[in-house]
Amino acid sequence: HLWRFCSRCHSLFIIHPDVKETLADHRPVVALESTIITHGMPYPHNLSTAKEVEAIVRAEGAIPATIGILEGSIHVGLSSDELDFLAQSKMALKVSRRDLPYVISKGLSGGTTVSGTMIAAHKAGIPVFVTGGIGGVHRDGENSLDVSADLTELGRTPIAVVSAGVKSILDIGRTLEFLETQGVCVATYGDSKSFPAFFSQQSGFTSPYHVSSPQEAADLIVSTLSLGLQSGLLLAIPIPEEHAATGQQIEDAIQTAVTEASSKGVTGRDVTPFILQRVNELTKGKSLQANIALIQNNAKVGSQIACALSKHKEKSGGNFRGDIKTRKSKDQRIDSNTIVIGGINVDFIAKGTTKKLVFGQTNPGSVCQSFGGVGRNIADCLSRLGHKPLFISAIGKDSHSDAVLNYCKHMDTSAVARLQDQRTATYCAVITESGELSLGLGDMDIHQQIQEQYVSQFEDQLASASLVVLDGNIPVSTIDYVCHIAKKHAVPVWFEPTDADKACKPFLSESWKALSYTSPNLAELCTMNHTLGLPTPTELPRSLEDVLGCVPALSRPLLEHLNCVVVTLGALGVMVCGEHDAGTVNLQPQKQKLKVRLCAVHYPALAMSSKETVNVSGAGDSFAGAMMVGILQRLDTDSCVRMGLLAARTSLLSPHPIDPCLTADAIHPEMSHSQLWSKPSCVWIED
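All of these numbers come straight from a predicted model, not from anything done at the bench.

Calculation notes
- Residues numbered from 1 in each chain as written.
- Predicted model: local features only at pLDDT ≥ 70, side-chain atom pairs only at ≥ 80, totals over all residues.
- Heavy atoms only, no water.
- Helix = DSSP H or I, 4+ residues; strand = E, 2+ residues; numbered from the N terminus.
- Rg over C-alpha atoms; globule rule 2.2 N^0.38 Å.
- Buried < 20%, exposed > 50% of the residue type's maximum accessible area, 1.4 Å probe, protein only.
- Domains from an automatic or database assignment.
- Contact = heavy atoms within 4.5 Å.
- Buried area = accessible area lost by both parts, 1.4 Å probe.
- Salt bridge = Lys/Arg side-chain N within 4 Å of Asp/Glu carboxyl O.
- Polar contact = N/O pair within 3.5 Å; in protein donor to acceptor, adjacent residues only side chain to side chain.
- Nonpolar A, V, L, I, M, F, W, Y, C, P; charged D, E, K, R; others polar.
- Patch = residues over 30% accessible without salt bridge, like charges linked within 9 Å, V, L, I, M, F, W, Y side chains within 5 Å.
- Areas by Shrake-Rupley, 256 points an atom, 1.4 Å probe, with all protein chains shown as cover.
- Axes fitted to C-alpha atoms, helices over the stretch in contact; angles between N-to-C directions.
- Parallel < 35°, antiparallel > 145°, perpendicular 65-115°, else oblique.
- Left-handed = near helix turned anticlockwise from the far one by under 90°.
- Phe/Tyr/Trp six-rings, centres within 6.5 Å; stacked < 30°, edge-to-face > 60°.
- Pairing = 2+ DSSP bridges.
- Disulfide = S-S within 2.5 Å.
- Expected span 1.5 Å × (residues − 1).

1. A word on the overall build of the protein
Thinking step 1. Looking only at helices and strands, the protein has 25 helices and 26 strands in total.
Thinking step 2. Taken over C-alpha atoms, the radius of gyration comes to 28 Å for the protein, in line with the 26 Å a tight globule of 687 residues would show.
Thinking step 3. Seen through its principal axes, the protein has C-alpha atoms that stretch 90 × 55 × 45 Å.
Thinking step 4. Sorting the 687 residues of the protein into buried and exposed places 56% on the buried side.

2. Description of the domain arrangement of the protein
Thinking step 1. Assigned domains within the protein: domain 1 (13-315), domain 2 (334-492) and domain 3 (516-686).
Thinking step 2. Contact with domain 1, which involves 8 residues of that partner, is made by 5 residues of domain 3.
Thinking step 3. Carbon and sulfur atoms make up 60% of the area that domain 1 and domain 3 hide from each other, which totals about 510 Å².
Thinking step 4. When residues of domain 1 are sorted by the area they lose upon contact with domain 3, H122, K123 and Q230 head the list and together hold 56% of the total.
Thinking step 5. The interface formed by domain 1 and domain 3 includes 0 salt bridges.
Thinking step 6. Joining domain 1 to domain 3, the criterion identifies 0 residue pairs in polar contact (both at pLDDT 80 or more).
Thinking step 7. Partitioning the side of domain 1 that touches domain 3 into residue classes produces 3 nonpolar, 4 polar and 1 charged.

3. Description of a nonpolar patch on the surface
Thinking step 1. Taken together, the side chains of F359, L439 and L441 present a nonpolar region at the surface, about 320 Å² in accessible area.
Thinking step 2. Within the secondary structure, L439 sits in strand β18 (residues 437-443).
Thinking step 3. A relative accessible area of 37% means that L439 is categorised as partly exposed.

4. A few points about the packing of helix α16 (residues 374-384) against helix α23 (residues 619-632)
When two helices pack together, their arrangement is given by the angle between the helix axes and by the axis-to-axis distance.
Thinking step 1. Orientation of α16 relative to α23, taken along the N-to-C sense of each, is 45 degrees, at an axis distance of 8 Å. As the angle between them shows, α16 and α23 are arranged oblique. Remark: the crossing between α16 and α23 carries right-handed chirality. Note on element contacts: α23 touches α16 through D621, S622, G625, A626, M628 and V629, opposite V374, N377, I378, C381 and L382.
Thinking step 2. Of the residues belonging to the contact of α16 with α23, the class tally is 7 nonpolar, 3 polar and 1 charged.

5. Focus on the packing of aromatic side chains
Thinking step 1. One pass over the structure, following the stated rule, counts 5 aromatic pairs.
Thinking step 2. Ring geometry for F198 and F199: centres 4.8 Å apart, planes at 80 degrees, overall edge-to-face. Judged on exposure class, the residue F198 and its partner F199 are both buried.
Thinking step 3. Between the aromatic rings of W494 and Y517, the centroid separation amounts to 5.2 Å while the plane-to-plane angle is 25 degrees, which identifies the pairing as stacked. Of this pair, W494 sits in strand β20 (residues 493-496) while Y517 sits in strand β21 (residues 517-518), and the two are 23 residues apart along the sequence.
Thinking step 4. The buried category is assigned to Y517, whose relative accessible area is 2%.

6. Some details on the environment of D621
Thinking step 1. Position of D621 among the secondary structure elements: in helix α23.
Thinking step 2. It is 20 Å that separates the C-alpha atoms of D621 and T432, two residues lying 189 residues apart in sequence.
Thinking step 3. Once residues within four sequence positions are removed from consideration, D621 is found in contact with V374, N377, I378 and E496.

7. Describing unusual backbone geometry
Thinking step 1. With an omega of 10 degrees, the peptide bond between Y43 and P44 qualifies as cis.
Thinking step 2. Take P44: it is sitting in the loop between α3 (35-40) and α4 (45-59).
Thinking step 3. A positive phi angle, near 80 degrees, is found at T498, a position not held by glycine.
Thinking step 4. Counting through the fold element by element, T498 comes out in the loop between β20 and β21.

8. Concerning the sheet that holds strand β13 (residues 345-352)
Thinking step 1. Spatially, 4 strands are ordered β14-β13-β17-β18 in an open sheet, and the strand pairing comes out mixed. The sheet is open, and its two borders are formed by β14 (365-372) and β18, each paired with just one other strand. On average, each strand axis in the sheet is tilted by 15 degrees relative to the strand beside it, whichever way the strands run.

9. Comments concerning the state of the cysteines
Thinking step 1. Counted under the stated rule, the structure contains 0 disulfides.
Thinking step 2. Cysteine C577 shares no disulfide, and the gap to the nearest cysteine sulfur, in C564, comes to 7.3 Å.
Thinking step 3. The exposure class assigned to C577 is buried, which follows from its relative accessible area of 0%.
Thinking step 4. For C599, which is in no disulfide, the shortest distance to another cysteine sulfur is to C682 and amounts to 3.9 Å.
Thinking step 5. Look at C599 and you get buried, because its relative accessible area is 0%.

10. Looking at the pairing of strand β22 (residues 564-568)
Thinking step 1. For β22, the tally of buried residues reaches 4 of 5 residues, placing the bulk of the element in the interior.
Thinking step 2. Sheet topology places β21 next to β22; 2 bridges connect them, and they run parallel. Looking across to β22, one finds that Y517 is bridged to C564.
Thinking step 3. Pairing geometry for β22 and strand β23 (residues 574-581), over 5 bridges, is antiparallel. The partner of V565 across the bridge, within β23, is C577.
Thinking step 4. The hairpin formed by β22 and β23 contains 5 residues between the paired strands, and G570 there has a positive phi angle of roughly 60 degrees.

11. Let's talk about the pattern of salt bridges
Thinking step 1. If you walk through the whole model with that rule in mind, you get 16 salt bridges.
Thinking step 2. With its nearest N and O atoms 2.9 Å apart, the salt bridge here joins R174 to D171.
Thinking step 3. Since its relative accessible area comes to 40%, R174 is described here as partly exposed.
Thinking step 4. Owing to a relative accessible area of 16%, D171 belongs among the buried residues under this scheme.
Thinking step 5. The shortest N-O distance in the salt bridge between E510 and K513 comes to 2.5 Å.

12. A word on helix α20 (residues 476-488)
Thinking step 1. For α20, which comprises 13 residues, the first-to-last C-alpha distance of 18 Å matches the rise-based estimate of 18 Å (1.5 Å per residue) to within 8%.
Thinking step 2. Listing the buried residues of α20 in full gives T478, I479, Y481, V482, C483, I485 and A486.
Thinking step 3. The secondary structure elements touched by the buried residues of α20 are β12 (338-341), α18 (452-455), α19 (459-463), β19 (467-471) and β20.
Thinking step 4. Positioned one or two residues after α20, A490 has a phi angle of 55 degrees, which is positive.

13. Some points on helix α7 (residues 114-124)
The periodicity of an α-helix, 3.6 residues per turn, causes residues three or four places apart in sequence to face the same way.
Thinking step 1. For α7, the buried fraction is high: 9 of the 11 residues fall into the buried class.
Thinking step 2. Those residues of α7 lying buried are V114, S115, G116, T117, M118, I119, A120, A121 and A124.
Thinking step 3. In the segment just after α7, G125 is the residue with positive phi, at about 85 degrees.

14. Thoughts on the environment of Q88
Thinking step 1. If you trace the backbone, Q88 turns up in helix α5 (residues 80-88).
Thinking step 2. The class of Q88 is partly exposed, set by a relative accessible area of 39%.
Thinking step 3. Q88 sits 67 residues away from E21 along the chain, and the two C-alpha atoms are 29 Å apart.
Thinking step 4. Of the polar contacts made by the side chain of Q88, one reaches the side chain of D84; its length is 3.0 Å.

Have a look at this one:
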């Protein structure tokens with residue numbers, strides 16, 4: 001049932017445009033949960049509190065991203081109408097990690113708990129999450145094993161959670177012990193280590209640490225994320241003094257409510273809502289007022305921390321990993337002024353469900369529609385990784401073009417021409433059960449309309465770009481024009497060949513000498529050499545030993561002018577060829593060619609079974625796009641290639657050429673387990 005999955009995948013994870021733009025600009029965003037709306041307070045207090053909290057976040061200079069589930073889609077950032085829907089919904093579920101698959105598969109709606117919100121915020125790239133209080137180990141938890149999923153989530157999701165500590169209805173001592181076991185750093189915000197208990201500034205327990213300012217808290221978050229520990233951080237914010245005075249009255253009411261819950265047989269996830277409702281009744285609304293006050297205070301402090309963290313991010317060159325070896329200073333950072341020129345396709349992927357496809361008859365399988373095209377794929381990948389390029393392409397004025405533009409709303413498609421009486425390019429791939437291409441058919445005529453006359457409108461942008469990417473779909477004359485402009489203004493150009501037939505295009509003239517990078521497979525590399533009149537093997541080598549011997553020899557002529565040749569080898573990995581520097585290849589563009597020894601470095605592919613592979617149509621483009629991001633960020637060569645390999649894997653696991661859930665954090669090598677990586681091997685390229 002791949003078709004059903006594909007039709008929903010693009011809407012599985014929806015980031016509000018304001019949130020998406022803010023994240024792309026590296027400005028502060030604060031994640032907010034929604035169970036406080038659906039289960040924590042009665043209507044209309046829940047709605048007014050949610051809107052007041054969002055207003056506080058904005059007043060402190062950050063953008064709020066309330067997270068919730070609407071009809072099976074995870075929304076990061078909710079509109080006013082969506083907040084109102086959740087606030088009034090009688091059917092909204094309480095959604096933790098375990099509930100996400102079911103709620104999404106059934107198209108249901110719900111409020112995300114601390115655990116559920118952490119997952120969504122981390123996938124969106126939001127490092128700070130503000131809530132009221134977290135769950136914990138329940139009283140008698142050593143017998144009942146009733147432990148909140150919030151605690152285990154803190155142990156495996158690297159995000160900073162700002163809360164008022166833990167409710168006193170829980171076993172606070174065992175909760176802190178459990179957090180220690182999970183490796184979670186806990187710090188109280190203020191001058192004391194006293195750990196707060198939601199309505200009370202003191203619980204009788206202490207945090208291991210404390211931070212006294214937004215800057216100190218931001219420094220702690222940076223250290224946590226820099227280490228790549230995969231665990232979160234809990235910042236406990238005591239309730240403001242003026243509202244803590246009613247704490248004892250509330251605590252007495254809590255004890256009464258706990259006793260009532262036990263006598264009435266209230267258990268499991270129903271306990272907390274019951275107690276909160278009963279405590280509100282017993283205190284005649286004072287607990288609700290205190291609850292609102294502490295949440296608003298958490299939002300204020302959490303937003304200040306997010307703003308301090310954003311400033312820290314600027315200083316560390318756009319990431320939180322300021323202490324790792326890939327650190328780059330601000331003046332070294334290359335701005336992402338990137339242009340991609342290439343094709344857009346509407347793809348139909350037909351996958352067989354039998355081991356062998358038989359031509360001439362109907363084979364059982366599934367058909368999935370997605371959006372591809374090499375240029376579009378690379379622009380999509382760059383956009384999802386925070387380097388939104390200007391994408392120059394052409395589509396028709398038809399139903400396919402409307403669908404493409406709607407799907408590509410996260411990209412800059414302002415330079416995509418819509419042409420009357422032209423068909424948007426379509427591509428149909430028939431792939432085997434293991435994901436290998438069996439047959440492809442394409443209607444690509446419109447790509448010939450991406451002509452020099454149209455592209456020349458963007459000459460100023462081309463002349464000042466930090467990187468220009470060309471795919472092999474565009475006309476030879478357009479490639480020649482762009483290469484001429486790039487050479488004149490010393491702009492690096494990356495040529496992605498697309499297929500063996502189109503790999504020859506820059507090599508039909510002197511244009512190839514203006515290229516800085518190219519990323520062919522072995523067949524495309526042979527085409528390039530053949531076009532230059534150089535000898536090529538009559539048959540492509542198959543064994544790893546033969547391939548690794550052939551690639552450096554075929555890359556050597558290209559390196560007379562290109563900075564780097566990146567040869568993708570499918571299941572055999574990738575080989576990066578270029579100028580030797582400190583045991584690897586120097587990926588940064590050189591202003592002038594120096595006489596330096598050349599080398600080739602082989603990186604094995606990440607292990608994957610054929611059963612895991614959904615399709616192979618975008619793996620190479622994902623690899624190239626992610627590697628470009630690494631180069632633009634001036635990361636070391638190993639990091640650039642590993643980012644590419646991780647992005648390629650996400651593509652192989654997705655029905656879409658570029659995984660809609662791809663994020664910069666998901667492919668950062670320091671965020672992944674070290675055991676994924678086999679040691680690369682380096683060989684010299686002889687003259």
